[in-house]
Amino acid sequence: MFSKFFFVFAIFLFLTTEIFAQKFSVDTMRANSLLKKAISFEKSKQFDSTIACYQKSYFLYSRHWGKKSKKSVEILEKMASTFQHKFDYNRALVYYLNVLELQKEIFGAKSVRVSDSYNNIGMVFWSQSQYENALENYLKGLEIRKEIFGDKHTKVADSYLNIGLVYHKMNEYDKALEYCLKSLEILKKIYGENHPDVAKSYNTIGVLYKDKTEYNKALEYYFKSLKIRREIFGEKHLEVAMSYNNIGTLYYLINENEKSLEYHFKALEIRKEIFGEKHFSTANSYLNIGVVYNQMDDYDKALEHHFKALNIRREILGEKNIEICASYHNIGSVYQKKSEYDKALEYYFKALRIRKILLGEKNISVARTYNNIGESYKLLYKFDTALIYYRKAMSSNLRDFNFDSTKTTFRLPQMKNYYELRQLLMSLDGCAECLVGMGEKNRGLFFEALSHYQAADTLILQTRDKVSNEKDKLVSADIASRIYEKAVPLCFRVSDFPLAFYFSEKNKSRVLLASMQEAKAKKNAGIPQNLLQQEKEIKMNIALYERLLLEKTDSASQKLFNNLLFVLHQKHDSLISVFENKYPKYFKSKYKKKTLQIADLQKILRKKEMVRSYLVTDSVIYIFTITKEEFKIDITKMIRTVLDEKVDSLREVLQSGKQKNVLIYQKLAFELYQKLFPDSLSLKKLEKLIIIPDGTLGAIPFEALLTEKYEGNWKEFLRYPYLIKKFEIVYSYSTDLFYQTATKKMTNKNSTFLGLAPVFAEESKKDSAKRLIRNDLVITPLPGTEDEIKNISKLFQKNWKKSVIKTHSQASESFLKTTNLKDFRYLQFATHGIFDLENPELSCILLATDSTGNEDGTLYAGEIYGLELDADLVILSACVTGLGKFNHGEGVIGLTRALMYAGATNATVSLWEVSDESTSQLMLYFYEQILKNPDKLSTNLQRAKLRMIFEIRFAAPYFWSPFVLIGK
């Protein structure tokens, strides 16, 4: 009986197992087929179909293997990833959390799979802008990975990178860099320099610097990434296209539009070749090209490329996609610039609707769209509506602020925990302008508007010190200056004149002041001399290779210099980090904040001295006047472009002796005097003017302005009512810089003089055409300069003062660099000067070439920064040494700036090409006065110029007015 039952049961079991096996085999095949379909759908971004296939596959696997099987969990993880790609972050998070718990049960709490789950959860929180939660999960994953793999593993590098990106979004840039650089170092040790992951890491650090607004540093990292990608993949590869795209975006941000287009078109070419026309990567290139054309005001081409991008994206991705939003947003931006505000708003709102659905309210892309909507309504003079959208932009940008239109329309939230600084500044500026527009009916709103500019100022000051690259500092200064320029007239509305002065001065030479403060901090912080020397050598090499990059070189040299610069900048950053961490005095002094008050200036001014600081805006000139006992402000109405034209004309006619041009000079010089000195009656009791020019005003000598209408003989220059006849005049870049210079003690060293005059006579004779060619320019001999410095030397000897002069080949660059320049109280370069308007780094002073070939005789601005001076006065009695490139918010970038940084208390420079004979005479008269009274340089220069005028021969302003004194 038992045997029969067992036999029947065995047959039943066999048949059941066979049926189950057949069922399992069929289900497995179906599940695998569904997985392949899911992957195919995912590649084409058909996410709903992808998820449906994964769900069916999961059901089949979990039915046979159970929900805790490795394969079932793997499919759940893929579903989570798909929801993430679909921007359905809440469902992605639910799946990832489920996977985490299952991974813990299957593999243990300290397993690789669990660390991967923490990493995935961190990524979802990061996408939702929940950065604290993201950081918590990334750190948990890192802890496990370090325990399993140690410090040097690719997964550890991946964790460091993700943590760095979180800190980046939290605006903790130092920590972000710390972790991203840790990741990079691990990858370089594992893979070497030429590896795709290393290139990706360089690219990521570039993105970090971009968002930190350190655009030039970002470019360095992008080019480093590009170099590796091209070596690995060749030219026609997606990774190379990505690098081209990023570089194009950087050039767009620094307004180098032609270069930006060049790189975006390179990216487009590669993407079209690989994917064809109908691909989202191709669409991205079209969009970026459209953005650049919009900035170039070529609206037809901008719209053409934006609509190409939009049509491709619609066809591939459908309507509700984040990429579609970018197209709508940028099309709106073009219509806004075209003043077609209704169309602009139509497209902005299309972008906003989709972005809010996919990203939620707290997102920088949403903030950006709100800002642009606010801008359109503001331009339509609908200030109430515009204000609401600017506030919404703040709400999307600030983690801790939620906008409520019934309560918080005017209330200014705390400016912390923001996602992006530039968008926040745009919101503050927009709100302020709306409040000003509404303030015509409610003047109390002017004070609210002013509080917005004060909040913007606080943000600018907090972030300015975090930018390390000089060029990037200048970009930041340009952005900040536009905020300050708008704040000044608002201060007048509320009669807060000291605050107007504060904003005006914040607009001037902040980068130079910070650099000088840093240099001073190094000297007084106890940093070992060998480290200071190391930093000096690094900076000199950076200046060298940056200059070489600007000159015409072949592509191989360009690559070499870029690589060398990249390494040098990394070394410099590391060294500065050592200074800040190991020498607390350096850190404290470098970042010491002190706001100069009007009372501070008044304390150091003498009774007959006056500071006049100018601020040039689009329509008016603000004139801030400070004396020992008075502070006042005058306003002159003048369009900026008109002022620029008059300044250019004045410079042109000052350099001409023709009757027609002299008559124009008479008219212009008096007209500009009336505009720049509308309060002429209050000047009667004064003797000295300290001029703080702004914009193009820095290109004219105020001494040559005429205080009265002149109707005498045009040739009788002696009789002209020059401003120099009434006042001694000195210039400075800002009141802060003047204060620092004025309170600096004059050197106690003897009146030692060093004069250099290369003359160039011998070199010209050697040339077959009797011309010296240097830097593609014909360098004419300067025979008068030899007599100039020899006569000055005789003056010093006559007064029992020490002098050293070098002429001809002895006046070499190598002599200058190997001499202890701190020993000299007075330095004079009697030579040619060259300024480069586009690239200030190529501005230079010409000296004799070195016979050994070590120095080329061209002392560039970057090299002057590296000199160590302790001079009361440096004179560049050379051509055009006082000009340079004008940077909005920083002033003239040129040779004078370099001398001030190097340690010159005062500098005398020229504003145009001069006669060496008249220059020699002026300098001789100047030094005669200096030796009588070394502490009154402005008085001495005034007397020297007046002597030139009264001796008639050199009375025309062409001869004496181009030399200006910058200092105290």
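**Student:** Before we move on, can you summarise the pairing of strand β6 (residues 753-757) with the specific residues and values?
**Tutor:** For β6, the tally of buried residues reaches five of five residues, placing the bulk of the element in the interior. In β6, alternate side chains face the same way, and those of Phe-753, Gly-755 and Ala-757 on one face and Leu-754 and Leu-756 on the other are all buried. Judged from the four bridges that link them, β6 and strand β10 (residues 826-829) form a sheet pairing that is parallel. By the bridge assignment, Leu-756 is partnered in β10 with Phe-829. Sheet topology places β6 next to strand β9 (residues 803-807); five bridges connect them, and they run parallel. Paired with Leu-756 across the strands is Lys-806, a residue of β9.

**Student:** Report on the sheet that holds strand β12 (residues 844-846), specifying residues and quantitative values.
**Tutor:** The three strands lie next to each other as β11-β12-β13, forming an open sheet whose pairing is antiparallel. The open sheet has two edge strands, β11 (833-834) and β13 (858-860), and neither has a second partner. As paired elements, β12 and β13 share three bridges and run antiparallel to each other. What sits directly across from Ile-845, in β13, is Leu-859.

**Student:** Any details on the pattern of salt bridges? Residues and values, ideally.
**Tutor:** In this structure the tally under the stated criterion is 54 salt bridges. Among the ionic pairs, Lys-236 bridges to Glu-273, the shortest N-O distance being 3.9 Å. With Lys-236 in the loop between α10 (215-233) and α11 (238-253) and Glu-273 in helix α12 (residues 257-275), this pair connects stretches of sequence that are 37 residues apart. The shortest N-O distance in the salt bridge between Arg-313 and Glu-323 comes to 3.2 Å. With Arg-313 in helix α14 (residues 299-317) and Glu-323 in helix α15 (residues 322-337), this pair connects stretches of sequence that are ten residues apart. Overall, Arg-313 belongs to the buried group, its relative accessible area being 2%. Among the charged side chains, a salt-bridge network with shared partners connects Glu-375, Lys-378, Asp-429, Glu-433 and Lys-486.

**Student:** I'd like to hear about the packing of helix α5 (residues 112-127) against helix α7 (residues 154-169), residue by residue, with values.
**Tutor:** Packing of α5 against α7 leaves a shortest axis separation of 11 Å and a crossing angle of 20°. Comparing their axes, α7 and α5 come out roughly parallel. Considering how the two elements wind past one another, α5 and α7 form a crossing that is left-handed. The segment α5 lies against α7, with Val-112, Asp-116, Asn-119 and Trp-126 engaging Lys-155, Asp-158, Asn-162, Leu-165, Val-166 and Lys-169. For the contact of α5 with α7, the per-class residue count stands at four nonpolar, two polar and four charged.

Definitions and limits used
Residues numbered from 1 in each chain as written. Predicted model: local features only at pLDDT ≥ 70, side-chain atom pairs only at ≥ 80, totals over all residues. Heavy atoms only, no water. Buried < 20%, exposed > 50% of the residue type's maximum accessible area, 1.4 Å probe, protein only. Helix = DSSP H or I, 4+ residues; strand = E, 2+ residues; numbered from the N terminus. Pairing = 2+ DSSP bridges. Salt bridge = Lys/Arg side-chain N within 4 Å of Asp/Glu carboxyl O. Axes fitted to C-alpha atoms, helices over the stretch in contact; angles between N-to-C directions. Parallel < 35°, antiparallel > 145°, perpendicular 65-115°, else oblique. Left-handed = near helix turned anticlockwise from the far one by under 90°. Contact = heavy atoms within 4.5 Å. Nonpolar A, V, L, I, M, F, W, Y, C, P; charged D, E, K, R; others polar.

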